[in-house]
Amino acid sequence: MPIHERLEQVYSEVLARNPGEDEFHQAVREVLESISPAVGKHPQYADAKIVSRICEPERQIIFRVPWEDDNGEIHINRGFRMEFNSALGPYKGGLRFHPSVYLGIVKFLGFEQIFKNALTGLPIGGGKGGSDFDPKGRSDREIMRFCQSFMTELHRHIGEYTDVPAGDIGVGGREIGYLFGQFKRITNRYESGVLTGKSLIHGGAQVRTEATGYGTAYFANEMLAARGDSLAGKTVVVSGSGNVAVYAIEKVHQLGGRVVACSDSAGYVLDPKGIDVGLLKEIKEVRRARLSTYVDAASHAEYVDGRQVWEVPCEVAMPSATQNEITGKEARLLVDNGCTVVAEGANMPTTPEGVRIFQDGGVAFGPGKAANAGGVATSALEMQQNASRDSWSFEYSEDRLEEIMRGIHSRCLRTAEEYGMPGDYVAGANIAAYTRVADAMLALGLI
Ligand code: NDP
Ligand code: 2IT
């Protein structure tokens, strides 16, 4: 898609300054395409090199993470923290532990996070971090030693008013516990607000564990409501079976839909009766086992090895595993099989070609930076509770989450409408978020 000529220049600079970082290029391109009409209408949004500044992280931290496995062998991983933009508040965003992590992944995630966080309306800037460490098959003590080594460097860069990490792929409650323990030990400060996603006993917030998945389901329901429909009675497919997927499935069921399939990187489970969330939690959160063991306890279900979950027909799709899991091919298959709503639980799970196919096919497409913002929004609520040494009830917190997701949904639609692209959630999300960040930066002067 063509973009405004001033933005084309910025994009060329991004390519030249960040060679080989394909995912980052992809994320930047999408935002620049979306904001072209805003820059055309309000040229100040491209003044003072504001677009170039937004595309350049404020600070990039790369560090060595040495650790020892249970056999005494030494391993060296690479740690990252991308402190991308702090115009709206302290850097905020998760940590990902996965062997695919490199600079381009952390930069794309940090860039997306700026706009996602702006959309929540809460006072949080954008950041992201992680490591190319592979937690699969590692013992609990190995995970602990890795987290301690990671935090031994990271602690000097983070803080309640500076940068507040949380979880992402491969980083859940257990890892946040070990990270917080090491932070506390090194700094001699019980600074709960330095990390979010903590357990309730250390100042964690009710609903943070559930928030991303629940929020994505609420967002899907809002998208359906905008079309005079709802999740009730809908057949849904969710990819992944981690934190986001499990709680997306739980909330879809509570809202009356039925999730018939979910997946991991090896294959998918098809359960026509509806995925048993209790069983899924037991497998993933208690036993930390593979998804394929689902059928051991649910013999009516089928495990399909080595194939993609998108071949299962559905009306609503919620990609909740990883980036670029829906290419043009999978998008075409979903449209042909009657899918009418896509809400992204993961970050950038659909390629640009996939997005085009959905939008051309009349599918309501909710991009991750809007649909999965419930996780980071609830992290911001955790920060509020930590700052006031308070803790809110589950019901109150869930009501806040639902209200925030409704707000994001209507902000996207309203903005898309205002710029003459009714129903285009991608344009709505990017323009609403970009203009908020740009306004905040312009008011701060040249920094
Ligand atoms: P988890 O580690 O809990 O689960 C990840 C799931 O995705 C697993 O089922 C995993 O399968 C699958 N997966 C991961 N990488 C790949 C891959 N390369 N190919 C195929 N499947 C893969 O992570 P989360 O649920 O926390 O995160 C899922 C997505 O949601 C990510 O895109 C993340 O950035 C995004 N997100 C997370 C938020 C959060 O609060 N946790 C907030 C907003 C977005 P396997 O076990 O086989 O690897
Ligand atoms: O992608 C994301 O929004 C997250 N992984 C959650 C970030 C956070 O700070 O809660």
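This section reports on the structure supplied with the text. Keep in mind it's a predicted model, so treat the numbers as computed, not measured.

### Examining unusual backbone geometry
Moving on, step 1. The backbone phi angle of K49 is positive, close to 50°, even though this residue is not glycine.
Moving on, step 2. In this structure, K49 sits in the loop between α2 (22-41) and α3 (50-55).
Moving on, step 3. Its identity is not glycine, yet N324 carries a phi of approximately 55°, on the positive side.
Moving on, step 4. Note on placement: N324 falls in the loop between β10 (316-318) and α11 (328-336).

### Some remarks on the nonpolar core
Across soluble globular proteins, you tend to see nonpolar side chains buried next to one another.
Moving on, step 1. Ranked by internal contacts, the top residues of the largest apolar core, which has 97 residues, are L32, F111, M318, I408 and Y434.
Moving on, step 2. Ranked by the residues each element gives to this core, the list is headed by helix α4 (residues 103-120), at ten residues.
Moving on, step 3. The residues contacting Y434, other than those within four sequence positions of it, are I35, Y45, I50, V51, I54 and F115.
Moving on, step 4. Ranked by size, the runner-up nonpolar core spans 22 residues in total, among them Y268, I326, F358 and F365.

### A word on the site of ligand 2
Moving on, step 1. Taken together, the neighbourhood of ligand 2 is formed by 14 residues, with K92, K116, K128, R208 and S379 sitting nearest.
Moving on, step 2. Interatomic distance of 3.0 Å between a backbone N/O atom of G167 and a nitrogen atom of ligand 2.
Moving on, step 3. Protein chains bury 94% of the 290 Å² of accessible surface belonging to ligand 2 in isolation.
Moving on, step 4. Elements that contribute at least two residues to the shell around ligand 2 include exactly β3 (91-97), α4 and α14 (374-387).
Moving on, step 5. Taken together, the residues of the shell around ligand 2 sort by class into two nonpolar, seven polar and five charged.

### A look at the pattern of salt bridges
Moving on, step 1. The full count for this structure, using the stated rule, is 27 salt bridges.
Moving on, step 2. R81 is paired through a salt bridge with D163; the nearest N and O atoms lie 2.7 Å apart. Linking R81 in strand β2 (residues 74-85) with D163 in strand β5 (residues 163-166), this pair joins segments that are 82 residues apart in sequence.
Moving on, step 3. D229 serves as the salt-bridge partner of K234, at 3.0 Å between the closest nitrogen and oxygen.
Moving on, step 4. For D229, a relative accessible area of 36% translates into the label partly exposed.
Moving on, step 5. One continuous salt-bridge network, built from bridges that share partners, spans E8, R29 and E33.

### Thoughts on the packing of aromatic side chains
Moving on, step 1. Per the counting criterion, the structure on display carries 18 aromatic pairs.
Moving on, step 2. Geometrically, the ring pair formed by F24 and F84 is tilted, given 6.0 Å between the ring centres and 45° between the ring planes. Here F24, found in helix α2, pairs with F84, found in strand β2; they are 60 residues apart in sequence, far enough to count as distant. The same class applies to F24 and to F84, which are both buried.
Moving on, step 3. A centroid spacing of 5.0 Å and a plane angle of 75° characterise the contact between F111 and F115, whose relative ring orientation is edge-to-face. Here F111 and its partner F115 are both found in helix α4, four residues apart, which amounts to about one turn of the helix. Like F111, the residue F115 is buried in the burial classification.
Moving on, step 4. The rings of F63, W67, F97, F133, F146 and F150 are connected pair by pair, giving a single aromatic cluster.
Moving on, step 5. The ring of Y11 carries the charged tip of R29 above its face, separated from the ring centre by 4.9 Å.

### Things to note about the sheet that holds strand β4 (residues 126-131)
Moving on, step 1. What the five strands build is an open sheet, ordered β1-β2-β4-β3-β5; its pairing is mixed. Among the strands making up the open sheet, the edge pair consists of β1 (59-68) and β5. Averaged over neighbouring strand pairs, the angle between their axes works out to 20° when direction is ignored.

### Some details on the site of ligand 1
Moving on, step 1. Of all residues adjacent to ligand 1, which total 25 residues, the nearest are D168, T212, S265, R290 and N347.
Moving on, step 2. Considered on its own, ligand 1 offers 890 Å² of accessible surface; in the complex 84% of this is hidden by protein.
Moving on, step 3. Counting residues per element, the ones that place at least two in the shell around ligand 1 are α7 (208-225), α8 (243-254) and β7 (258-264).
Moving on, step 4. When the residues that make up the shell around ligand 1 are grouped by side-chain class, the tally is four nonpolar, 14 polar and seven charged.

### Focus on the packing of helix α15 (residues 394-418) against helix α16 (residues 425-443)
To characterise two packed helices, one gives the angle between the axes of the helices and the distance between these axes.
Moving on, step 1. Contact geometry of α15 with α16 gives a least axis separation of 7 Å together with a crossing angle of 100°. Taken together, α15 and α16 sit at an angle that is classed as roughly perpendicular. Of α16, the residues touching α15 (which contributes H409, R411, C412, L413, T415 and A416) are Y425, G428, A429, I431 and A432.
Moving on, step 2. Partitioned by chemical class, the residues of the contact of α15 with α16 number seven nonpolar, three polar and one charged.

### A few points about the environment of L103
Moving on, step 1. Structurally, the position occupied by L103 is in helix α4.
Moving on, step 2. Along the chain, L103 and N18 lie 85 residues apart, while their C-alpha atoms are 9.2 Å from each other.
Moving on, step 3. Excluding its chain neighbours within four sequence positions, the residues that come into contact with L103 are E21, Q60, I62, F80 and M82.

### Re the packing of α2 against α16
Moving on, step 1. The interhelical angle for the contact between α2 and α16, taken along N-to-C directions, is 75°, at an axis separation of 9 Å. With respect to their mutual orientation, α2 and α16 come out roughly perpendicular. The segment α2 lies against α16, with E30, V31, S34, I35 and A38 engaging V426, A427, N430, I431 and Y434.
Moving on, step 2. Taken together, the residues of the contact of α2 with α16 break down into seven nonpolar, two polar and one charged.

Procedures and definitions
Residues numbered from 1 in each chain as written. Chains lettered and ligands numbered in written order. Predicted model: local features only at pLDDT ≥ 70, side-chain atom pairs only at ≥ 80, totals over all residues. Heavy atoms only, no water. Helix = DSSP H or I, 4+ residues; strand = E, 2+ residues; numbered from the N terminus. Core = buried A, V, L, I, M, F, W, Y, C linked by side-chain atoms within 4.5 Å. Buried < 20%, exposed > 50% of the residue type's maximum accessible area, 1.4 Å probe, protein only. Contact = heavy atoms within 4.5 Å. Near = heavy atom within 4 Å. Polar contact = N/O pair within 3.5 Å; in protein donor to acceptor, adjacent residues only side chain to side chain. Areas by Shrake-Rupley, 256 points an atom, 1.4 Å probe, with all protein chains shown as cover. Nonpolar A, V, L, I, M, F, W, Y, C, P; charged D, E, K, R; others polar. Salt bridge = Lys/Arg side-chain N within 4 Å of Asp/Glu carboxyl O. Phe/Tyr/Trp six-rings, centres within 6.5 Å; stacked < 30°, edge-to-face > 60°. Lys NZ or Arg CZ within 6 Å of the ring centre and 35° of its normal. Pairing = 2+ DSSP bridges. Axes fitted to C-alpha atoms, helices over the stretch in contact; angles between N-to-C directions. Parallel < 35°, antiparallel > 145°, perpendicular 65-115°, else oblique.

Function cannot be read off these values alone, since they describe shape.
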